[in-house]
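Coordinate analysis (summary)
Residues per chain, in single letters:
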Amino acid sequence: MSRNFIVALALLAGACGASDTGSSNAAIPVDKIVSDTDLLREMQAAANDIVRNAADCNYVTSAAPDFYRMLGEAEGKVQTEAGKQSLETVQRQVDRIAETCGAR
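So, how was this worked out
Residues numbered from 1 in each chain as written. Predicted model: local features only at pLDDT ≥ 70, side-chain atom pairs only at ≥ 80, totals over all residues. Heavy atoms only, no water. Helix = DSSP H or I, 4+ residues; strand = E, 2+ residues; numbered from the N terminus. Buried < 20%, exposed > 50% of the residue type's maximum accessible area, 1.4 Å probe, protein only. Contact = heavy atoms within 4.5 Å. Areas by Shrake-Rupley, 256 points an atom, 1.4 Å probe, with all protein chains shown as cover. Disulfide = S-S within 2.5 Å. Axes fitted to C-alpha atoms, helices over the stretch in contact; angles between N-to-C directions. Parallel < 35°, antiparallel > 145°, perpendicular 65-115°, else oblique.

1. As for the overall build of the protein
- In terms of helices and strands, the protein carries four helices and zero strands.
- Along the protein, helices (α) and strands (β) appear in the sequence α-α-α-α when read from the amino end.
- Looking at the protein as a whole, 33% of its 104 residues are labelled buried.
- At a minimum sequence separation of 6, the contacts of the protein that also span at least 24 residues come to 64%.
- When the accessible area of the protein is evaluated, it comes to approximately 6200 Å², of which 52% is carbon and sulfur surface.

The following block contains the structure:
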């Protein structure tokens, strides 16, 4: 998932919340969007390594523990709903590969 996509998604979500001033949806602060974008960039890079090497189960088996450690740390730091959904998507990608290789 590219940074531009994540930023666009977050900005869209923020714009939707900001357009209705009478609703309970508040605009997402930019600092939360930036923080999630940086965090998701790191997670996506780690996931991309595993996806690129999916045919090499030895690599997947050695890389998966680091990915899941990073995922555990990231889950406590993600601040937006869009960020949480993106993190879940990245996890599902890696879960499928890790399960195939017996690394999960």
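2. Points about the state of the cysteines
- This model, assessed by the stated rule, comprises one disulfide.
- C57 shares a disulfide with C101; S-S distance 2.2 Å. When the S-S torsion is -70 degrees, as for the bridge of C57 with C101, the disulfide is left-handed. Of this pair, C57 sits in helix α3 (residues 57-75) while C101 is found in helix α4 (residues 81-101), placing the two residues 44 residues apart along the sequence.
- Owing to a relative accessible area of 14%, C101 belongs among the buried residues under this scheme.

3. A closer look at the packing of helix α2 (residues 30-52) against α4
- Put simply, α2 and α4 touch, their axes get as near as 10 Å, and they point 10 degrees apart. By the angle between their axes, α2 is roughly parallel relative to α4. From α2, D36, L40, M43, Q44, A47, I50 and V51 reach across to α4, where they touch G83, S86, L87, V90, Q93, V94 and I97.

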